[in-house]
Amino acid sequence: MANETIKRDVVIIGSGPAGLTAAIYSARASLKPLLIDAPVDHVKQTAPGGQLMITTDVENYPGFADGIQGPDLMMEFRKQAERFGTEFMEAWIREVDLSERPFQLYTDSGTISTETLIIATGASAKWLGIPGEAKVPDGFGGNGVSACATCDGPLPAFRKKVLVVVGGGDTAMEEATFLTRYAAKVYVVHRRDKQRASKIMQEKAFRNEKIEFIWNTRVEEILGTPEEGVTGVRLRKPNGEDYVFDCAGVFVAIGHKPNTGLFKGQLEMDDVGYLKTSGHSTATNIPGVFACGDVQDSVYRQAVTAAGTGCMSAIDAERYLDHLPVAMPSGDEVTIEGEHVTPDHKAIITPDGHMIPNAPGVTVGED
Ligand SMILES: Cc1cc2nc3c(=O)[nH]c(=O)nc-3n(C[C@H](O)[C@H](O)[C@H](O)COP(=O)(O)OP(=O)(O)OC[C@H]3O[C@@H](n4cnc5c(N)ncnc54)[C@H](O)[C@@H]3O)c2cc1C
């Protein structure tokens with residue numbers, strides 16, 4: 001693609017569970033979606049297939065009674081999207097212009113112009129950047145180090161074991177509380193002498209007899225062997241003294257960063273950077289732009305919820321292209337022609353500002 005412009009009705013950015021599910025649905029609806037797949041990049045934490053490419057056992061994705069390896073699951077998603085004619089392009093979207101339709105997406109080699117855009121760029125866990133944390137074989141990531149208690153906490157390697165959770169915010173309290181279902185004991189290591197977590201989350205953690213806090217302490221290194229996985233952490237006290245603390249697993253819970261830098265100043269986001277969607281649909285504040293998966297979900301962050309909202313995005317884009325109203329974050333419903341249906345459904349506001357009743361049987365244009 002040498003500086004050419006590609007034109008499409010539906011473009012999806014991201015090939016994790018959300019993007020590939022949106023592709024399956026929109027391809028089956030004969031919308032000929034183009035899915036943009038970022039190449040492997042360890043700094044940007046991107047890979048075709050998304051976050052599940054860096055994990056091993058996925059035990060909670062419905063339909064796989066015996067579990068499935070993350071990369072194998074994503075290969076199945078991809079094959080299904082290919083089967084219905086999804087077109088794939090490996091490229092990094094470096095800039096977008098959403099000021100008018102068709103929207104423009106810029107890669108290093110050309111421009112993509114699209115009537116609807118489905119954003120499924122996911123989120124990346126924040127890491128500590130310490131020795132032992134990297135993915136196997138460089139460290140113990142996937143062999144005792146995790147950033148997702150819901151995903152990995154129930155695995156046999158962590159059951160009835162002593163675990164360490166790193167962090168002091170809501171994520172850390174939530175992860176620690178969840179892990180006490182399986183672990184013998186959970187130690188929360190925090191570099192400060194108090195938490196940033198909300199009061200209710202703190203109190204829940206303080207009341208839990210299986211949770212202990214190690215304050216004013218930094219995790220300097222994760223220790224272990226390839227055979228046993230994680231065996232401990234090297235901790236540093238405020239006086240600079242180091243000691244080894246034995247544990248069988250480390251959950252890094254210092255937050256997530258949604259991959260939304262690209263859309264800053266164009267799409268509405270919360271304080272952390274998660275895209276705001278309607279709640280009744282996957283519509284963002286710009287009609288024709290939809291968001292699904294972890295990029296708009298700071299709460300559940302699971303493959304099945306990402307896939308679920310991917311399905312919603314494809315159906316929303318399909319409705320929009322079919323000239324049907326789609327619910328916006330404002331509560332209005334908007335059509336591709338720019339008509340707004342008010343949240344109470346009583347009126348339609350036309351693009352030139354005329355208000356007409358939306359009563360059953362009254363057709364657009366009648367006063
Ligand atoms: C180690 C680990 C283990 C996990 N285990 C489980 C589990 O067992 N069960 C479970 O349900 N969930 C698990 N999760 C969570 C799950 O992986 C996510 O909820 C899910 O992948 C989110 O899907 P997504 O499609 O929204 O985004 P992602 O999977 O994050 O995919 C985003 C995609 O967007 C691409 N992208 C980003 N920016 C750009 C750009 N500018 N241009 C082009 N492409 C771009 C990326 O390359 C990637 O392909 C785990 C997560 C991790 C990190």
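Predicted, not measured: the structure shown is a model, and the values here were computed from it. Throughout this document, residue positions are counted from 1 along each chain, in the order its sequence is written. Totals for whole chains, interfaces and linings use all residues, but because this is a predicted model, local features are given only for residues with pLDDT of at least 70 and pairs of side-chain atoms are given and counted only at 80 or more. With hydrogens and water set aside, each side-chain value is computed from the structure's full complement of heavy atoms.

A. Main features of the overall build of the protein. On a plain count of helices and strands, the protein comes out with 6 helices and 24 strands. Seen through its principal axes, the protein has C-alpha atoms that stretch 75 × 45 × 40 Å. Exposure categories follow from relative accessible area, calculated using a 1.4 Å probe and restricted to protein chains: below 20% of the type maximum is buried, above 50% is exposed, and the middle band is partly exposed. Buried positions account for 49% of the 367 residues belonging to the protein. Any pair of residues with heavy atoms lying within 4.5 Å of one another is described as a contacting pair. Sequence separation of at least 24 residues holds for 55% of the intrachain contacts in the protein that already meet a minimum separation of 6. Taken together, the 35 basic and 50 acidic charged side chains of the protein have centroids lying 7 Å from each other. By definition, any uninterrupted DSSP run of H or I lasting at least four residues is a helix, any uninterrupted run of E lasting at least two residues is a strand, and each is numbered from the N terminus. Think of it this way: Lys and Arg go in the positive column, Asp and Glu in the negative one, and His and the chain ends go nowhere. For charged residues, the charge sits on one atom: NZ in Lys, CZ in Arg, CG in Asp, CD in Glu.

B. The arrangement of the state of the cysteines in detail. What counts as a disulfide here is a pair of cysteine sulfur atoms lying within 2.5 Å. A complete count under the given rule lists 1 disulfide for this structure. The residue that forms a disulfide with Cys 148 is Cys 151, at a sulfur-sulfur distance of 2.0 Å. Taking the torsion about the sulfur-sulfur bond, which here is approximately 65°, the covalent link between Cys 148 and Cys 151 counts as right-handed. Lacking any disulfide linkage, Cys 292 is separated from the closest cysteine sulfur, that of Cys 311, by 9.9 Å. Overall, the relative accessible area of 1% leaves Cys 292 in the buried class.

C. Spotlight on the site of the ligand. Whether a residue is near a molecule or strand depends on its heavy atoms: it is near if one of them lies within 4 Å of it. As a matter of local geometry, the ligand sits amid 30 residues, with Ala 18, Gln 51, Asn 60, Asp 294 and Ala 303 nearest to it. In this structure, an oxygen atom belonging to the ligand sits 2.9 Å away from a main-chain N or O atom of Ala 18. Polar contact is the term for a pair of N or O atoms within 3.5 Å; when the atoms are in protein, one must be able to donate a hydrogen and the other to accept it, and sequence-neighboring residues count only if both atoms are side-chain atoms. Between the ligand and Asp 294, the relevant distance is 2.8 Å, taken from an oxygen atom to a main-chain nitrogen or oxygen of the residue. Alone, the ligand offers 1000 Å² of accessible surface; in the complex the protein occludes 96% of this. Of all the elements in the fold, those that place two or more residues in the shell around the ligand are α1 (17-28) and α6 (303-321). Method for areas: the Shrake-Rupley scheme with a 1.4 Å probe, in which residue coverage is limited to the protein chains shown.

D. A look at helix α2 (residues 70-83). Helices are assigned an expected span. That span is 1.5 Å times one less than the residue count. Helix length check: α2, at 14 residues, gives a terminal C-alpha distance of 20 Å against a target of 20 Å (1.5 Å per residue), a fit within 8%. Those residues of α2 that sit buried are Gly 70, Leu 73, Met 74, Phe 77 and Ala 81. Down the axis of α2, the sector holding all buried residues measures 95°, keeping them to one side. Structurally, α2 contributes buried residues whose contacts are with α1, β3 (57-58), β4 (68-69), β5 (87-90) and α6. Note that the arc is computed from the directions linking the helix axis to the C-beta atoms.

E. Broad picture of the packing of aromatic side chains. Two rings from Phe, Tyr or Trp (for Trp, the six-membered ring) form a pair when their centres are within 6.5 Å of each other. A pair whose planes differ by under 30 degrees is stacked, one over 60 is edge-to-face, and the rest are tilted. One pass over the structure, following the stated rule, counts 9 aromatic pairs. The interplanar angle of 65° and the centroid separation of 5.7 Å between the aromatic rings of Tyr 61 and Phe 77 together place this pair among those described as edge-to-face. A residue pair is termed long-range when its members are at least 10 positions apart, and Tyr 61 in the loop between β3 and β4 and Phe 77 in helix α2 qualify at 16 residues. The pair Tyr 61 / Phe 77 is uniform in exposure class, with both members buried. Taken together, a centroid distance of 4.8 Å and an interplanar angle of 70° make the contact between Tyr 187 and Phe 245 edge-to-face. Pair noted here: Tyr 187 is in strand β12 (residues 185-189) and Phe 245 is in strand β16 (residues 242-246), with a separation of 58 residues, a long-range link. The criterion for a charge sitting over a ring is simple: Lys NZ or Arg CZ within 6 Å of the ring centre, and within 35 degrees of the ring normal. Against the face of Phe 84 rests Arg 28, its NZ or CZ located 5.4 Å from the ring centre. Sitting above the plane of the Phe 88 ring, Arg 78 keeps its charged end 4.0 Å from the centroid.

F. Looking closely at the nonpolar core. Of all hydrophobic cores here, the largest spans 33 residues; its most connected members are Ile 12, Tyr 61, Leu 73, Phe 77, Ile 118 and Phe 290. Taken together, the elements giving at least two residues each to this core come down to β1 (4-13), α1, α2 and α6. Here the nonpolar core consists of buried residues drawn from Ala, Val, Leu, Ile, Met, Phe, Trp, Tyr and Cys, with membership extended through side-chain atoms lying within 4.5 Å.

G. Layout of the pairing of strand β14 (residues 218-225). In the sheet, β14 pairs with strand β15 (residues 229-236) via 7 bridges, with the strands oriented antiparallel. Each residue of the ladder has a partner; that of Ile 222, found in β15, is Val 233. Following β14, the chain reverses through 3 residues before pairing antiparallel with β15. Two strands are counted as paired when DSSP detects at least two bridges linking them.

H. Region of the structure containing the sheet that holds strand β20 (residues 326-327). A sheet is described by the order of its strands in space; here 5 strands give the open sequence β20-β21-β22-β23-β24, paired in antiparallel fashion. Bordering the open sheet on either side are β20 and β24 (355-357), each of which pairs with just one other strand. Bridge analysis of strand β23 (residues 347-349) against β24 gives 3 bridges, and the strand direction is antiparallel. Counterpart to Ala 347 in the pairing with β24 is Pro 357.

I. Seen up close, the packing of α1 against α6. Orientation of α1 relative to α6, taken along the N-to-C sense of each, is 35°, at an axis distance of 7 Å. Between α1 and α6 lies a crossing whose hand is right-handed. Of α6, the residues touching α1 (which contributes Pro 17, Ala 18, Thr 21, Ala 22, Tyr 25 and Ser 26) are Ala 303, Ala 306, Ala 307, Gly 310, Cys 311, Ala 314 and Ile 315. Split into classes, the residues belonging to the contact of α1 with α6 amount to 10 nonpolar, 3 polar and no charged. Lines fitted to C-alpha atoms define the axes, with helix axes restricted to the stretch in contact, and inter-axis angles between N-to-C directions lie between 0 and 180 degrees. Here is the rule for handedness: rotate from the far helix to the near one, and if that takes an anticlockwise turn smaller than a right angle the crossing is left-handed, while a clockwise turn gives right-handed. Throughout, the ten residues Ala, Val, Leu, Ile, Met, Phe, Trp, Tyr, Cys and Pro are labelled nonpolar, Asp, Glu, Lys and Arg are labelled charged, and all others, Gly among them, are labelled polar.

J. A look at the pattern of salt bridges. Within this document, salt bridges are pairs made up of a side-chain nitrogen of Lys or Arg and a carboxyl oxygen of Asp or Glu, the two lying within 4 Å of each other. According to the stated counting rule, one finds 14 salt bridges in the structure shown. With a closest N to O distance of 3.0 Å, Asp 108 and Arg 94 form a salt bridge. Taken together, the residues span a long stretch of sequence, with Asp 108 in the loop between β7 (103-106) and β8 (110-119) and Arg 94 in the loop between β5 and β6 (95-97) at a distance of 14 residues. Note that Lys 199 and Glu 203 form a salt bridge whose closest N and O atoms lie 3.0 Å from each other. Of the two residues, Lys 199 and Glu 203 are both situated in helix α5 (residues 199-207); the distance of 4 residues between them amounts to about one turn of the helix.

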